[in-house]
There are 4 protein chains.
Amino acid sequence: MTKTVGHSKANRNARNKVARNTPADNKTARKKPKFLRRGPDRRRQIIAAASELFARNGFEGTSIRDIAAASGVLSGSLYYHFPSKEDLLFTVHQESLTAMRNEVETAIAGISEPWKRLDEAIAAHCRILLGGRVTRAILTPPRYYNLRGVRKLVRQRDDYEQIFANLIDDLPLKPDCDRQAFRLSMLGAMNWTVFWFSAGGRLSVDEVGRQIALMVRGAAKDAPSKK
Amino acid sequence: MTKTVGHSKANRNARNKVARNTPADNKTARKKPKFLRRGPDRRRQIIAAASELFARNGFEGTSIRDIAAASGVLSGSLYYHFPSKEDLLFTVHQESLTAMRNEVETAIAGISEPWKRLDEAIAAHCRILLGGRVTRAILTPPRYYNLRGVRKLVRQRDDYEQIFANLIDDLPLKPDCDRQAFRLSMLGAMNWTVFWFSAGGRLSVDEVGRQIALMVRGAAKDAPSKK
Amino acid sequence: MTKTVGHSKANRNARNKVARNTPADNKTARKKPKFLRRGPDRRRQIIAAASELFARNGFEGTSIRDIAAASGVLSGSLYYHFPSKEDLLFTVHQESLTAMRNEVETAIAGISEPWKRLDEAIAAHCRILLGGRVTRAILTPPRYYNLRGVRKLVRQRDDYEQIFANLIDDLPLKPDCDRQAFRLSMLGAMNWTVFWFSAGGRLSVDEVGRQIALMVRGAAKDAPSKK
Amino acid sequence: MTKTVGHSKANRNARNKVARNTPADNKTARKKPKFLRRGPDRRRQIIAAASELFARNGFEGTSIRDIAAASGVLSGSLYYHFPSKEDLLFTVHQESLTAMRNEVETAIAGISEPWKRLDEAIAAHCRILLGGRVTRAILTPPRYYNLRGVRKLVRQRDDYEQIFANLIDDLPLKPDCDRQAFRLSMLGAMNWTVFWFSAGGRLSVDEVGRQIALMVRGAAKDAPSKK
DNA sequence: TATGAATGAGTCTTCATTCAT
DNA sequence: CATGAATGAAGACTCATTCAT
C-alpha cells in the first residue's frame, strides 16, 4: 500500500543545498567558467525544459531523460545541477510562482479600484499560465510525494494565492458569498484553462481573462458591469 | 533510502472492506475467503478502487499493483477482468460520466426556470464529484495516451458537458459574455474543487455548489440574486 | 542461470497417467458419455489444435489459452485432459511420430529395390510433414525441457528415424560415405522443408520429395566421385 | 515444484570469462570490476552471449535476464546497448550473416571449378554454423514477430543464400533437377546439422561438410538417374 | 562539468496452473 | 467435464539514480 518513489538516496541531504537555490544565489555559486560551457546558463535551460515537459506531460509522465534530452545534456549530467527529480520539480515550482507573483504584482501596481485590480490580476494570471512557461503541477500539487517536499510546495502556492485573497478582501461582495470559496472557485476557473485553452484558437489569452473576470463580477452586491 | 508516498495511511479508512487482503495478513487469512468475493462484484470493486486511486494519484501515479491491492486481488488477476490498464481507465471514465450524467439529469428534471436549472446542475455535479466516486482523470485527459483511446474519452466527456452547454443556452446573459468561455470557466470552477475541497471541512459539499452557483450568477444580464 | 518453467506441481505424479495415453487406451478409459460432450473426442480436438499451433508458433510461442481457444474450451478445462503443457507436447509428439511411422511403413511395404524404398520413404515423410499435421517440435526437440521428458521424446524420434537407418543400410553406398551422416543430412534436407515449403507454391509436396530423393542419389556407388 | 531447465549446467563452460559476475558472487566481488568491462567490448559480449543463447534455446526460450547474466550485466543494462530484445536479435542476425558471408566468400575465392566451389562453400557454411557463433534464429525466422522486423531479417538471409544460388547456377545438373529445390534441400541438410552435431563427437566439423558435399553430388548430370 | 555505463527496483503484462463450483 | 476466477512467478522494458572517468 505504500509506494516508494525512486531510490533517491540523496534526497534529504542534498536538497538543502539546492532547495533555496533562487536565481539570486546561483549567480554567486558559479565558478570556473570554462570555455566548454555553452549558452548562458545550463541550469536555466534545464528548468525551462523541465517546466514545459512537466506542464505538458505531468510529473510522472516526464522522465529525467526527456528533460535531459530537451536540455541538450545526458541524464547523468542533470544530477550535477539538481539532486533529484523532485527537487527539480520544486525548483520549477518556485520559479513559476515567482514569475506569476511578479507578473500579477506588476499588473495591479498603481491601480486602486478593487474590481479593476482583480480584473488585472486575473488577466495577468491567465497570461502567464497560458504562456506555457509554468507547470501544470503548480496547479495540482500531487499529494503523494513525500510530505516534506509537498508542504513546502503548498506553502509557496498559498503564499502566491494570498495575493488574490487580499484583492478579494477589498471587494464589496454579497453577504452570503463566502470569500474563500469565491477565491478558490475563481482560481479554479482560471487554472482550469490550461486544460482547454489552445493557442491560436477562437479566444485569445486576453479574451479568456476578460471572460473570467466578467463571470466573476456577478457575485458583487449589485453586479456592476465593467465601465 | 525509500520515500513513502504519504497518503498511504489515508487509504485505510476508504478501504475497510478490502483491507483485510493486504500482503500483511495474507499469511493468516489466506485460502479461506477466496471464493467469497466472486461474481460481478469483483469487477465493481476493481472499478471502484481504480476510480479512487486514479482520482487521487493520477493515471501514471497509480500502479496496477495498487489497484489490485485495493481490490483484494493480486495484480495478475486484474487482467482477467480488464485487458489493460488503459482499458480500465476508459471503463472508469465511462462509469463516472454515466453516473454524473444521471445525477445531473435527475437533478434538473422537472425544473423549468433556467437559472434554477443551472443551480441544480452545479449542485449535482459537485455532489458526485466530491463524493469521491469519479476520477480526476475525467477532468484532465492526459494528451499523451494512444490517440484512439483518448479521442473516445474526450468525446464522452464532451457529450456530458453538452448538458451544461444546453443549460447555458437557455440563460439570459450579458451580450459580451461568451457562452463557451462561460461554460468552460464554470466547469473549471467546479472541477477544481477536487483539489481543494476536503470532506468535513468548513464548507459542505452543498455549500460549495451554492457558492459556485452564486458566483456564476453574476454574468446574468441583470445579475439577479437568488430569491 | 536456471530457468524454471511454470509452477507445475502436478508434473511428475500426473504424468504417469497420461504419458502412455495412446489412442488405444483412451477408448477404454472413456466413461459416462454424457449428452453434453460435443464431437467425437475432445481429446483429439485438443491434440489436433495443439499440433497445429506448436507447428506454426513453436512451443514457447503457443500458449495454453491459444490451444484452448482453438479447441473450443477454456484453458482450465485442458487440465482435465492433460496434466501439463509439456505433457501435451509429448502426446502431440507421440501421435505425430506414430502417424509418420505408419505413413512411411505403409509406403515402403511390398517394395524391395533399396533405392526405390528410400524414394518412397522420403516421399511419405515429406507428405505427412508438409501436410501440416505434425509439429515442428518433433524436428527440433528443445533441449532445455526437464531431462526426463526430453529423453523420452528423443528416444521416440530416434526409434522413428531408425526406419531410415535400416533403409540406408540396404543401400550400396560409396565407401567414403558415412551412413550416419548420410541419414542425418537427408533428414535435415527433408525436415527443413517445413521452413520454406508453401502449399500452393510452384512445387507440389510430391515434387519436393522427388527432388530430395534425386539429390540424395548422388551418394550411390556409381555416382561420380570427387576428382 | 519447480522444474529446472536442463542445460543450465552446460552453460558454465561456455561462459567462464563472464561467469564471475553471476548473482551468486555479487556479494563478494561487487563494486571493484565495474569499470573494467567498459568500452565497445560490452556490446560484443552481449551479442556473443545472445547469439549463443538464441542458438541454443530459441528466441522465446531465451530471456533478457539470461543474456544479461551471460554478459555479466544486469538485465536493465542491456537496454543501454540495445533498444529491445528483438533489436538484439536483429543485430545478432546481421552479424551472423555477415560472418557467414565472409567465411564463404573467402573460401571460394580463387577457385574456379564449380563443384569444387560448392564443396568449399558447404565446408565454410558448416564450419561457421557449427562453430557456435551464429544463431539458430537465422535459420528459422519465426513468422510471428512484427512483420517489419522479420521482413528485414528474411531479406538478409535471402541475400546470403543467393551466394549458393549463384554457385548452383554454375553447376551442370540433371535436367529434371530443380535448382531452387536443390539449393533449399542442400541448405536444409547443412542447417539441420545444428540439431545433431556435437563437438567432440565421432565426426569432425570438416567431415560433416565433406559428407554433405558428397551426398549432394548426386544431382550431377552424370550421376545415375532413377531407372 | 559532462558523459557513458551500470544498477536495481519498479512497471505493465502474460501465462501455466489450480480449484471451487 | 467444464468454467470462472484467481494465483504467482516470470517476462520485457523503464527509469531515477550513481559514479568512474
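Worth saying up front: this structure is predicted, and the values here are computed from it rather than measured.

Engineer: Teacher, can you tell me more about the overall build of chain A here?
Structural biologist: Helix and strand content of chain A: 11 helices and 0 strands. Starting at the N terminus, the α and β elements of chain A follow one another as α-α-α-α-α-α-α-α-α-α-α. In chain A, buried positions account for 54% of the 227 residues. Taking the contacts inside chain A whose residues are at least 6 apart along the sequence as the reference set, 68% of them involve residues at least 24 apart. Accessible surface, chain A as shown: approximately 10900 Å² in total, 52% of it carbon and sulfur.

Engineer: For this particular structure, what's the right way to read the packing of helix α3 (residues 42-57) of chain A against helix α4 (residues 64-71) of chain A?
Structural biologist: Residue and element names in this part refer to chain A. Two numbers describe how α3 lies on α4: the axes approach to 8 Å, and their chain directions differ by 125°. One way to sum up the angle between α3 and α4 is to call them oblique. Classified by chirality, the crossing of α4 by α3 is right-handed. Between α3 and α4, the contacting residues are Arg-42, Gln-45, Ile-46, Ala-49, Ala-50, Leu-53 and Phe-54 on the first element and Asp-66, Ile-67, Ala-70 and Ser-71 on the second. Among the residues making up the contact of α3 with α4, the classes are represented as 7 nonpolar, 2 polar and 2 charged.

Engineer: Would you mind showing me how to read the packing of α3(A) against helix α6 (residues 85-108) of chain A here?
Structural biologist: How two helices pack is summed up by the angle between their axes together with the distance between the axes. All names here are of chain A. Running from N to C, α3 and α6 cross one another at 90°; their axes reach a closest spacing of 9 Å. By the criterion of interaxial angle, the relationship of α3 to α6 is roughly perpendicular. Here Arg-43, Arg-44, Ile-46, Ile-47, Ala-50, Ser-51 and Phe-54 of α3 come into contact with α6, specifically with Lys-85, Leu-88, Leu-89, Thr-91, Val-92, Glu-95 and Ser-96. Residue composition of the contact of α3 with α6, grouped by class: 7 nonpolar, 3 polar and 4 charged.

Engineer: Would you mind showing me how to read helix α11 (residues 179-196) of chain B here?
Structural biologist: Two residues of an α-helix separated by three or four positions point the same way, owing to the 3.6 residues in each turn. Residues and elements named next belong to chain B. A rise of 1.5 Å per residue sets the reference length of α11, with its 18 residues, at 26 Å; its end C-alpha atoms lie 26 Å apart and thus fit the reference within 8%. In terms of burial, α11 is largely enclosed, as 16 of its 18 residues are buried. For α11, the N-terminal capping position is held by Asp-178, with its side-chain oxygen 3.1 Å away from the main-chain nitrogen of Gln-180.

Engineer: How do you make sense of the pattern of salt bridges when you look at a structure like this?
Structural biologist: Note that side chains of opposite charge can pair when their charged atoms are close. Under the definition given, this model contains 37 salt bridges over all chains. One salt bridge in this structure joins Glu103(B) and Arg127(B), with 3.1 Å as the shortest N-O distance. One end of the pair, Glu103(B), is in helix α7 (residues 85-108); the other, Arg127(B), is in helix α8 (residues 114-130), and 24 residues separate them in sequence. Owing to a relative accessible area of 32%, Arg127(B) belongs among the partly exposed residues under this scheme. The salt bridge partner of Arg210(C) is Glu207(C), with a shortest N-O separation of 3.3 Å. Note that Arg210(C) and Glu207(C) are positioned in helix α11 (residues 205-216) at a spacing of 3 residues, about one turn of the helix. Overall, the relative accessible area of 31% leaves Arg210(C) in the partly exposed class. Connected through shared salt-bridge partners, Asp176(C), Glu207(D) and Arg210(D) make up one network.

Engineer: How should the environment of Ile67(C) be read in this particular structure?
Structural biologist: Residue and element names in this part refer to chain C. Relative to the helices and strands, Ile-67 resides in helix α4 (residues 64-71). Expressed as a C-alpha distance, the spacing of Ile-67 and Ala-189, which sit 122 residues apart in the sequence, is 30 Å. The residues contacting Ile-67, other than those within four sequence positions of it, are Ile-46, Ala-49, Ala-50, Leu-53, Phe-54, Thr-62, Leu-78 and Leu-88.

Engineer: Would you explain the side chain of Lys85(A) in this entry?
Structural biologist: Residues and elements named next belong to chain A. If you trace the backbone, Lys-85 turns up in helix α6. The charged side chain of Lys-85 is buried without a salt bridge, its nearest counter-charge being Glu-60 at 7.0 Å. Polar contacts involving the side chain of Lys-85 include one to the main-chain carbonyl oxygen of Phe-59, which spans 3.0 Å. Beyond its immediate stretch of four places on either side in the chain, Lys-85 contacts Phe-54, Phe-59, Glu-60, Thr-62 and Ile-64.

Basis of the calculations
- Numbering of residues starts from 1 in every chain and runs along the sequence as written.
- By the order in which they are written, chains take letters starting at A while ligands take numbers starting at 1.
- Residue-level local features of this predicted model are given only where pLDDT is at least 70; pairs of side-chain atoms are given and counted only at 80 or more, and the full residue set underlies all totals for whole chains, interfaces and linings.
- Values reported for side chains reflect all heavy atoms of the structure, with hydrogen atoms and water molecules removed beforehand.
- Strands are runs of DSSP state E lasting at least two residues, helices are runs of H or I lasting at least four, and both sets are numbered from the N terminus onward.
- Note on exposure labels: buried denotes an accessible area under 20% of the residue type's maximum, exposed denotes more than 50%, and partly exposed covers the range between, all computed with a 1.4 Å probe on protein chains only.
- Any two residues having at least one pair of non-hydrogen atoms within 4.5 Å are treated as being in contact.
- For every accessible area listed, the method is Shrake-Rupley and the probe measures 1.4 Å; residues are considered covered only by the protein chains on display.
- Every axis in this analysis is a line fitted to C-alpha atoms, fitted for helices over the stretch in contact. Angles between the N-to-C directions lie between 0 and 180 degrees.
- For classification, angles of less than 35 degrees are called roughly parallel, those exceeding 145 degrees roughly antiparallel, those between 65 and 115 degrees roughly perpendicular, and all remaining angles oblique.
- A crossing counts as left-handed when the near helix is turned anticlockwise from the far one by less than a right angle, and as right-handed when that turn is clockwise.
- In the scheme used here, Gly and all other residues not listed as nonpolar or charged are polar, with Ala, Val, Leu, Ile, Met, Phe, Trp, Tyr, Cys and Pro taken as nonpolar and Asp, Glu, Lys and Arg as charged.
- Multiply 1.5 Å by the residue count of a helix minus one, and that product is the helix's expected span.
- Definition of a polar contact: a pair of N or O atoms within 3.5 Å, with one able to donate and the other able to accept a hydrogen when the atoms are protein atoms, and with sequence-neighbouring residues admitted only if both atoms are side-chain atoms.
- Here, a salt bridge means any side-chain nitrogen of Lys or Arg that lies within 4 Å of a carboxyl oxygen of Asp or Glu.
- Only four residue types enter the tally: Lys and Arg on the positive side, Asp and Glu on the negative side; His and the chain ends are excluded.

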